[in-house]
Protein chains: 2
Amino acid sequence: MIRMNEHFNKLQSSYLFSTIGKKVGEFQAANPSVSIIKLGIGDVTHALSAEIVQAFHAGVDELGDDATFRGYGPEQGYEFLRNAIAEIDFQARNCDIQADEIFVSDGAKCDTGNFQELFAQDITIAVPDPVYPVYVDTNVMAGRTGTFSKGRYEGLVYLESTKENSFVPSPPEKTVDLIYLCFPNNPTGATATKEQLTQWVEYARANQALILFDAAYVEFIRDPRLPRSIYEIPGAREMAVEFRSFSKTAGFTGTRAAYTVIPKDCLVYDHSGSGHSLHALWNRRQTTKFNGLSYPVQRAAAAVYTPQGQAQIHAQSDYYLENARLIREAMTGLGYPVTGGENSPYIWVEAGGDSWDFFDMLLQKAGVVTTPGSGFGRCGEGYIRISAFNHREKVLQALDRIAQALKS
Amino acid sequence: MIRMNEHFNKLQSSYLFSTIGKKVGEFQAANPSVSIIKLGIGDVTHALSAEIVQAFHAGVDELGDDATFRGYGPEQGYEFLRNAIAEIDFQARNCDIQADEIFVSDGAKCDTGNFQELFAQDITIAVPDPVYPVYVDTNVMAGRTGTFSKGRYEGLVYLESTKENSFVPSPPEKTVDLIYLCFPNNPTGATATKEQLTQWVEYARANQALILFDAAYVEFIRDPRLPRSIYEIPGAREMAVEFRSFSKTAGFTGTRAAYTVIPKDCLVYDHSGSGHSLHALWNRRQTTKFNGLSYPVQRAAAAVYTPQGQAQIHAQSDYYLENARLIREAMTGLGYPVTGGENSPYIWVEAGGDSWDFFDMLLQKAGVVTTPGSGFGRCGEGYIRISAFNHREKVLQALDRIAQALKS
């Protein structure tokens, strides 16, 4: 009899954004005349920039001509893209990362989701709370947790990110083996200083732990004192993997491109305590289960690293950051404490009550979609996340409607 | 201490095609003047057809304009593509498959590799021998096998595909829970009749087993009596999942697109024997770990289903099949028994000796790259696979060189 992976039964009913989608659909059906404004899911709204579009087309044309056609590419990504990433995103910032330590993929969701496959079944895992649900759910599916109880999975160590610690948790008392961190944070928008990340790298070294550092939102950092990569921290080459995405950086949510950095100094241990190369392990995983990113998409991604491409994506993130500033100021002005939105496209708003109630109220009274903080974990209760990804006029209109709703 | 998934240590040193790549690289370095002809890895060589290129460009243009920009799409694929697939690939052939039973992805390698995540750890798995290595290696990584010994992993049931059964194995005596089948077969090029597939569907029903049917090469079937989908077999909706790919069908090895069909009638059971929807399980897996296929690629894939697109891809597969005919006849003429190559782009050649010796001889004496059959399993020993994916003049030149080498 074909039996199922019963760990799937531990998963909570529905992925957060599916529930939101359902609520929005019901509201729209009941109120067909309302033009809903979406500041919920963190999806970009601006077209790919001209430089990227041009390179994308050129890549398609190459595949349309026998003389330049390319079939299977390297599973790890083409050298032209890995070189550009290593130079611009790391070496130019004095991070010692080489091109062959970059693994190009079709999404940071895939990479952060699949990465747990490399580890033993019984490691101890620390996840932030609130958290991007993928880190947790993929470990639940793999059987690394107990059941769900009182908003948490048994067996995980939750790193509470609260007002008290300015949403940046310190390393736990307890020893853990694998640590998921995300800065600028999804969902809180909080950022970590070099000193804070240094604490984590030192904790990892002291415990032979590994940090999985999700830097999907790094393009929104404007404060020059903030680290833009975990590899700005001394010793991180041995203790951390970094995930990056073109989704928010360059508007690739529909185009799909991302990469993962695995320094060759990272080790993972067998039962006898012998070290093995984490890079080699992921390489084996990827060559067995992945066939490389679409070639024209790799050409498009490489265009991000041209001087024009860099200027264009920077202008886009400036635009979204101005939206974020407007949202911050409006919510603050309405008396709601906020964090994030300065070096991040997310604004984390203290709702003064239940997350879903506040979400429902904004949907019903203002026709504005946000994301209830409790969907990201127990510490997200009482908050909502507002995303700055939208057109300016929509953001302004949403803020007007929210002001009306909250004053009424 | 961060500990590894030690099942990875059971994997044999290197993926087959990496070893071949290394040997070819060494030969080329030692013989820089030889123009090597690759009939090894099954990679297409012809440009995307005009209809596909045009749709691909149109998709890119949509992403380059704020008015038509699309961000995250449905993880399962856009309706326009799922509808086209369901209509043309299934309903037009009297297979009862609906659009919402189609899951679009970036590769059949990913899907066949990831699908095992849905099952319990201790199911019994049958795999063909010779076999596409991904079916086996992904289950090894997941810990569903013992160690490797004498060319096989302990715990797997091997379905021997030999000259005696014309390379189409019958269901085993032993009860198994999960069965990987691939027709037209990679690597042997053998095809299965409706009667043979019916035997498998009946076996699955009798044992509450599930068939994972890899139909990546279905576009090469010309014999109208041969089934082009497992769903042509009565009752298969309850017993089988089907994997399809645009790679060989439409020249998408560098573009990346595929899909998996999971009929809503397929069940998978928990420890108490209760049935659960396999479709719901894969949907949960995909929405958690995958973000959908690149939008312009989905537009390109949909163009495959226009009348012009169908005519163009059919002309391409005709071309490769003519190559296959030439290879078949040449090898037969040289006294080597062959199978495949009639409804398949692969020709399986009995080498009359050790696979790697024959591979090395063809590389050294003819500068032609093939694939040693033993790389696909114990029953592949004594065979090589020749791929028909190349330009006609290269194929003719390779056959001339092989004739010279074998006669000398």
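Rules used throughout
- Residues numbered from 1 in each chain as written.
- Chains lettered and ligands numbered in written order.
- Predicted model: local features only at pLDDT ≥ 70, side-chain atom pairs only at ≥ 80, totals over all residues.
- Heavy atoms only, no water.
- Helix = DSSP H or I, 4+ residues; strand = E, 2+ residues; numbered from the N terminus.
- Rg over C-alpha atoms; globule rule 2.2 N^0.38 Å.
- Areas by Shrake-Rupley, 256 points an atom, 1.4 Å probe, with all protein chains shown as cover.
- Lys, Arg positive; Asp, Glu negative; His and termini not counted.
- Charge placed at Lys NZ, Arg CZ, Asp CG, Glu CD.
- Pairing = 2+ DSSP bridges.
- Contact = heavy atoms within 4.5 Å.
- Axes fitted to C-alpha atoms, helices over the stretch in contact; angles between N-to-C directions.
- Buried area = accessible area lost by both parts, 1.4 Å probe.
- Salt bridge = Lys/Arg side-chain N within 4 Å of Asp/Glu carboxyl O.
- Polar contact = N/O pair within 3.5 Å; in protein donor to acceptor, adjacent residues only side chain to side chain.
- Nonpolar A, V, L, I, M, F, W, Y, C, P; charged D, E, K, R; others polar.
- Parallel < 35°, antiparallel > 145°, perpendicular 65-115°, else oblique.
- Least-squares fit on C-alpha atoms with pLDDT ≥ 70 in both.
- UniProt positions renumbered as here; feature names shortened; annotations may be inferred.
- Core = buried A, V, L, I, M, F, W, Y, C linked by side-chain atoms within 4.5 Å.
- Buried < 20%, exposed > 50% of the residue type's maximum accessible area, 1.4 Å probe, protein only.
- Domains from an automatic or database assignment.

(A) A look at the overall build of chain A. Each helix and strand counted, chain A has 13 helices and 17 strands in total. Relative to its length of 408 residues, chain A is compact, with a C-alpha radius of gyration of 21 Å against a globular reference of 22 Å. Structurally, chain A occupies a C-alpha span of about 60 × 55 × 55 Å along its principal axes. When the accessible surface of chain A is summed, it comes to about 14100 Å², and 49% of that surface belongs to carbon and sulfur atoms. Counting 37 positive and 47 negative side-chain charges, chain A places the averaged centre of each group 4 Å from the other.

(B) A look at the sheet that holds strand β17 (residues 383-387) of chain A. Residue and element names in this part refer to chain A. Spatially, the four strands line up as an open sheet ordered β13-β14-β17-β16, and their pairing is antiparallel. Edge positions in the open sheet fall to β13 (338-340) and β16 (371-372), since each of these has one partner strand only. In the packing of helix α11 (residues 307-333) onto the sheet, contacts are made with β13, β14 (346-350) and β17, and the angle to β13 comes to roughly 160°. Across the face of the sheet, helix α12 (residues 355-366) comes into contact with β16 and β17 while running at roughly 45° to β17.

(C) Up close: the interface of chain A and chain B. Listed per partner, the contact involves 86 residues of chain A and 87 residues of chain B. For chain A, the biggest contributors to the area lost against chain B are Met 1, Ile 2 and Tyr 72 of chain A; these three give 12% of the whole. Across the pair Asp 137 of chain A and Arg 284 of chain B runs a salt bridge, and its minimum N-O distance is 3.5 Å. In this structure, the connection of chain A to chain B is made through 51 residue pairs in polar contact (both at pLDDT 80 or more). Its residues assigned to classes, the side of chain A that touches chain B shows 35 nonpolar, 31 polar and 20 charged.

(D) Structural context of the packing of helix α12 (residues 355-366) of chain B against helix α13 (residues 392-407) of chain B. Residue and element names in this part refer to chain B. Interaxial distance between α12 and α13 falls to 9 Å at its minimum, and their mutual angle equals 110°. With respect to each other, α12 and α13 are oriented roughly perpendicular. Contacts from Phe 358, Met 361, Leu 362, Lys 365 and Ala 366 of α12 reach α13 at Arg 401, Ile 402, Ala 405 and Leu 406. Of the residues that constitute the contact of α12 with α13, the class distribution is seven nonpolar, no polar and two charged.

(E) The arrangement of the relation of the copies chain A and chain B in detail. Expressed as a screw operation, the relation of chain A to chain B combines 0.0 Å of axial shift with a rotation of 180°, fitting to an RMSD of 0.0 Å. The operation mapping one copy onto its partner corresponds to a two-fold rotation axis. Ranked by how close their C-alpha atoms come to the rotation axis, the residues of chain A are headed by His 57 of chain A, at 3.1 Å. A shared interface surface links the copies, since 100% of the contact residues of chain A are contact residues in chain B too.

(F) Examining the UniProt feature "domain: Aminotransferase class I/classII large" (unreviewed entry) in chain A more closely. According to UniProt, the "domain: Aminotransferase class I/classII large" (unreviewed entry) feature falls on residues 36-402 of chain A. Here residues 36-402 of chain A runs as 37% helix and 17% strand, with 12 Å between its end C-alpha atoms.

(G) Region of the structure containing the nonpolar core. If you look at the biggest cluster of nonpolar residues, it comprises 166 residues, and the most contacted ones within it are Ile 179, Phe 246 and Phe 252 of chain A together with Ile 179, Phe 246 and Phe 252 of chain B. Residues within four places of Phe 252 of chain B in sequence aside, it is in contact with Leu 48, Ile 52, Phe 246, Ser 247, Ala 257, Val 297, Ala 300, Ala 301 and Val 304 of chain B. Judged by nonpolar contacts, the second largest core, of 72 residues, contains Ile 2 and Trp 282 of chain A together with Tyr 153 and Tyr 180 of chain B.

(H) Broad picture of the side chain of Asn 343 of chain B. Residues and elements named next belong to chain B. For Asn 343, the location among the structural elements is in the loop between β13 (338-340) and β14 (346-350). Relative accessible area serves as the criterion here: at 11%, Asn 343 is assigned to the buried category. Within polar-contact distance, the side chain of Asn 343 engages the backbone nitrogen of Arg 222 at 2.7 Å. One polar contact links the side chain of Asn 343 to the main-chain amide nitrogen of Asp 223, over a distance of 2.9 Å. Excluding its chain neighbours within four sequence positions, the residues that come into contact with Asn 343 are Pro 184, Thr 191, Tyr 217, Phe 220, Ile 221, Arg 222, Asp 223, Leu 226 and Leu 321.

(I) Layout of the packing of helix α2 (residues 50-63) of chain A against helix α2 (residues 50-63) of chain B. Packing of α2 of chain A against α2 of chain B leaves a shortest axis separation of 10 Å and a crossing angle of 170°. Here α2 of chain A lies roughly antiparallel to α2 of chain B, going by the angle between them. Listed contacts from α2 of chain B to Val 53, Phe 56, His 57, Val 60 and Asp 61 of chain A of α2 of chain A are Val 53, Phe 56, His 57, Val 60 and Asp 61 of chain B. Class assignment of the residues belonging to the contact of α2 of chain A with α2 of chain B gives a composition of six nonpolar, two polar and two charged.

(J) Here's a closer look at the UniProt feature "modified residue: N6-(pyridoxal phosphate)lysine" (unreviewed entry) in chain A. Per the UniProt record, "modified residue: N6-(pyridoxal phosphate)lysine" (unreviewed entry) is annotated on Lys 248 of chain A. With respect to the element layout, Lys 248 of chain A can be found in helix α8 (residues 247-250). What makes Lys 248 of chain A buried here is its relative accessible area of 8%. Those residues in contact with Lys 248 of chain A that sit more than four places away from it in its chain are Gly 42, Val 44, Ala 216, Tyr 217, Phe 220, Thr 253, Tyr 346 and Phe 389 of chain A together with Tyr 72 of chain B. Polar contacts involving the side chain of Lys 248 of chain A include one to the main-chain carbonyl oxygen of Gly 42 of chain A, which spans 3.0 Å.

(K) How the structure looks around the sheet that holds strand β17 (residues 383-387) of chain B. Residues and elements named next belong to chain B. Strand order across the open sheet formed by four strands is β13-β14-β17-β16, with antiparallel pairing between neighbours. Only two strands of the sheet have a single partner each, and these edge strands are β13 and β16 (371-372). Where β16 meets β17, two bridges bridge the pair, whose relative direction is antiparallel. Counterpart to Thr 371 in the pairing with β17 is Arg 385. Across the face of the sheet, helix α11 (residues 307-333) comes into contact with β13, β14 and β17 while running at roughly 160° to β13. Sitting on the sheet, α12 touches β16 and β17, and the angle it makes with β17 is about 45°.

(L) Highlighting the domain arrangement of chain A. All names here are of chain A. With domains assigned, chain A is organised as domain 1 (6-47 + 308-407) and domain 2 (53-307). Summing both sides of the interface, domain 1 and domain 2 together bury roughly 3600 Å²; the carbon and sulfur share of this comes to 58%. Applying the counting rule to domain 1 against domain 2 returns two salt bridges. Residues Arg 222 and Asp 318 are paired through a salt bridge, measuring 3.0 Å at the closest nitrogen-oxygen approach. Summed over the shared surface of domain 1 and domain 2, the result is 24 residue pairs in polar contact (both at pLDDT 80 or more). Only α11, β13, β14 and β17 provide two or more residues apiece to the side of domain 1 that touches domain 2. With 11 residues, the top contributor of residues to the side of domain 1 that touches domain 2 is α11. Considering only residue class, the side of domain 1 that touches domain 2 consists of 15 nonpolar, 17 polar and seven charged.

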